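# Fold and geometry: a report
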Amino acid sequence: MPFKALVDVGFWQRDVVSEDSRIFLQCFLKYDGDYRVVPLYVPVSMDAVMAPTWIGSLVNLYKQQRRWAWGVEHFPYLVLNFLANRKISSRQAPLDALEPD
């Protein structure tokens, strides 16, 4: 993402867990829905958990999946900000911004 976009939105919010998706939403709202990204389809192998013991690995797996589930933390942010921003059409969705034109 361009450095200018980071500056325009005031950088990352430090009080959220999944900051990568939040920074996209910040830009989407800042630019009134006129913000697009191009996904990079690359294999990611950072999803394997590991610990010295089998039980430790299960605990780490639980913690990892719990972090992923925290994406719901964006829901109140989205509802409040979409209602407040009249320039974004109610038919326009952030997921549309993930698809190339």
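For the structure itself, consult the block above.
Residues separated by three or four positions in an α-helix point in the same direction, a consequence of the helix having 3.6 residues per turn. The end-to-end C-alpha separation of helix α3 (residues 54-69) is 23 Å, in line with the 22 Å expected for 16 residues at 1.5 Å each. Where α3 is concerned, the buried positions are G56, S57 and Q64. Projected down its long axis, α3 shows its buried positions confined to an angular sector of 100 degrees, all on one face. Exposed positions of α3 whose direction lies more than 90 degrees from the buried face are W54, I55 and Y62.

Time to look at the nonpolar core. Of all hydrophobic cores here, the largest spans 12 residues; its members are A5, L6, V9, I23, F24, L25, C27, F28, L29, Y35, Y77 and I88. Listing elements by their share of this core, those giving two or more residues are α1 (3-8) and α2 (19-30). If you tally residues by element for this core, the top one is α2, at 6 residues.

A full pass over the atoms with the stated rule returns 5 aromatic pairs. Taking the centre distance of 5.9 Å and the plane angle of 40 degrees together, the rings of F24 and F28 count as tilted. Here F24 pairs with F28, and both are found in helix α2, just 4 residues apart, close to one helical turn. The same class applies to F24 as to F28, namely buried. Taken together, the ring pairs connect F24, F28, Y31, Y35 and F82 into an aromatic cluster. Sitting over the ring of Y77, R22 keeps its end group 3.8 Å from the ring centre.

How each quantity is defined
Residues numbered from 1 in each chain as written. Predicted model: local features only at pLDDT ≥ 70, side-chain atom pairs only at ≥ 80, totals over all residues. Heavy atoms only, no water. Helix = DSSP H or I, 4+ residues; strand = E, 2+ residues; numbered from the N terminus. Expected span 1.5 Å × (residues − 1). Buried < 20%, exposed > 50% of the residue type's maximum accessible area, 1.4 Å probe, protein only. Arc of directions from axis to C-beta. Core = buried A, V, L, I, M, F, W, Y, C linked by side-chain atoms within 4.5 Å. Phe/Tyr/Trp six-rings, centres within 6.5 Å; stacked < 30°, edge-to-face > 60°. Lys NZ or Arg CZ within 6 Å of the ring centre and 35° of its normal.

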